[in-house]
Amino acid sequence: MTSSSSPSQDKQSLVQNHPDRLRADALMEEDVAWSHAIDGEWDGDQFDRSDRAALRRVAGLSTELQDVTEVEYRQLRLERVVLVGVWTSGTAADADNSIAELAALAETAGALVLDGVIQRRDKADPATYIGSGKANELRDIVLETGADTVICDGELSPGQLIHLEDVVKVKVIDRTALILDIFAQHAKSREGKAQVALAQMQYMLPRLRGWGQSLSRQMGGGKGGGLATRGPGETKIETDRRRIREKMAKMRREIAALKTGREIQRRERRRKKVPSVAIAGYTNAGKSSLLNRLTGAGVLVENALFATLDPTVRRAETPTGRLYTLADTVGFVRHLPHHLVEAFRSTMEEVGDSDLILHVVDGAHPAPEEQLAAVREVIRDVGATGVPEIVVINKADAADPLVLQRLLRIEKRSIAVSARTGQGIDELLALIDVELPHPSVEIEALVPYTHGRLVARAYTDGEVISEEHTPEGTLLKVRVHEELAAELAPYVPTATV
């Protein structure tokens, strides 16, 4: 007598006797991820069904004992990192500040910092950066914390990266690679993405590694191929290096083309005699907040390092009505990788071509003097040392009053402001008006009422000292540039005897 079996008994028998068949059926089943509890009721904004189905766990493929058929959503797993620094000069506080900044960079890149260590040495070890003994101790820390990445506070050579990875048995990156990763995440414009890509390829080229098939040689150049090889061809890794160089050349051409457009815009502003002001400063010092406060630009403001990379140029006006442009530039940091300085040179030229630099420094930072020195080093690299500078000490509402007094005493042309509360902004605008270059020609002209265009230009492109309305026209006493002075010259009243 044969007994009928239920579907659940059939499925259990199938699991025991033909597990591979169940896996295949599960892969072919379209509705295996459907659940009445999830799909039957709406409980807020959901992913589209195709997206949710793409994230489901397929029945029969799990190594766990229980069978999971409900939808699962992937959870982002942050990299767990340990920081390593070498203290070669300066005080212990300087070394601690450098590691603290590295931790902020790691968190900005999306990592979870577990621990940080500093090794006191006269110079970094040429093999493992911190020495073989300390490298073994670092390996114990990595095992203890469960970290999967080690970040070194410096730029490591390719040999140091390889040797340190061999000891700690996890991925090792340096400060330069970390900053490049942050730039790659935050670049939004076409020019910014191209500049970051070029810097990454410049960094990656000497550090390209290969093993196995990467070191095998391609077929030589005999006639007809096959066995007709007359010598070893280039290895796979050499091919990769050549392709990277070709991409770098393409990126340089693209950046040069974009640079041409930027130069045309600057040349047009210079032709119209519009003064320009560049905001430069350490990353997270509040440059974008200051730009928003001065012009209402609406630029992203976030408490993160390198939150904004793409330069923003906005039109602004002094309290006396003079027009000028205000440009927000990329933030700087200690030991800014030279790859980035070279790649972002076209963007940083906004600083060199400006008439005035607003050097923003974080007044609430533990070491604002170090920020000032780091930024001025980059300004010197781009050839902008001759541009007048105003040191803007931002975050005055959160800074130590003694620190503010010290900075104001050291920096002769400085002012304390708060972009968040508006403290000192009016004084800063008045100072900008004073420091901007003034027109060189002072002239008095009686402009007929039929030429009101010249009066308007006198207000926008020059400085009106006095204005008087007479029956013959508008009597202006103004400071203007040579071009506008030549247009006003026919209306200069003749002296009476």
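Use the structure listed above.
Predicted model, so just to flag it, every value in this text is computed and none were measured.

> I'd love a proper account of the overall build of the protein, names of residues and values included.
Along the backbone of the protein there are 18 helices and 13 strands. Taken across its 497 residues, the protein has 42% of its residues classed as buried. For the protein, contacts bridging at least 24 residues in sequence account for 66% of all contacts bridging at least 6. Taken as a whole, the protein presents about 27500 Å² of accessible surface, with 52% of it coming from carbon and sulfur.

> I'd like a description of the sheet that holds strand β13 (residues 474-480), backed by residues and values.
Spatially, three strands are ordered β11-β13-β12 in an open sheet, and the strand pairing comes out antiparallel. At either end of the open sheet lies a strand with only one pairing partner, and these are β11 (441-447) and β12 (463-469). On average, adjacent strands in this sheet sit at an angle of 15° to one another, irrespective of strand direction. Both β12 and β13 contribute to a ladder of six bridges, which runs antiparallel. Bridge pairing in β13 places His469 opposite Thr474. Most of the contacts of helix α17 (residues 452-461) go to β12, to which it runs at about 145°, and overall it touches β11, β12 and β13.

> So what's going on with the packing of aromatic side chains? Residues and values would help.
On inspection of all chains with the given rule, the structure shows zero aromatic pairs. Taking NZ or CZ as reference, Arg120 lies 4.5 Å from the ring centre of Trp87, over its face.

> Talk me through the side chain of Thr470; I want residue IDs and the actual numbers.
The topology assignment puts Thr470 in the loop between β12 and β13. There is a polar contact of 2.7 Å between the side chain of Thr470 and the backbone oxygen of Gly473. Not counting residues up to four positions away in its chain, the partners in contact with Thr470 are Leu446, Tyr449 and Leu475.

> Quick one: what's the story with a positive patch on the surface, residue by residue and with numbers?
Taken together, the side chains of Arg243, Lys247, Lys250 and Arg253 make up a positively charged region of the molecular surface. Considering the arrangement of structural elements, one finds Lys250 in helix α10 (residues 236-271).

Parameters and conventions
- Residues numbered from 1 in each chain as written.
- Predicted model: local features only at pLDDT ≥ 70, side-chain atom pairs only at ≥ 80, totals over all residues.
- Heavy atoms only, no water.
- Helix = DSSP H or I, 4+ residues; strand = E, 2+ residues; numbered from the N terminus.
- Buried < 20%, exposed > 50% of the residue type's maximum accessible area, 1.4 Å probe, protein only.
- Contact = heavy atoms within 4.5 Å.
- Areas by Shrake-Rupley, 256 points an atom, 1.4 Å probe, with all protein chains shown as cover.
- Pairing = 2+ DSSP bridges.
- Axes fitted to C-alpha atoms, helices over the stretch in contact; angles between N-to-C directions.
- Phe/Tyr/Trp six-rings, centres within 6.5 Å; stacked < 30°, edge-to-face > 60°.
- Lys NZ or Arg CZ within 6 Å of the ring centre and 35° of its normal.
- Polar contact = N/O pair within 3.5 Å; in protein donor to acceptor, adjacent residues only side chain to side chain.
- Patch = residues over 30% accessible without salt bridge, like charges linked within 9 Å, V, L, I, M, F, W, Y side chains within 5 Å.
- Salt bridge = Lys/Arg side-chain N within 4 Å of Asp/Glu carboxyl O.
- Lys, Arg positive; Asp, Glu negative; His and termini not counted.
- Charge placed at Lys NZ, Arg CZ, Asp CG, Glu CD.

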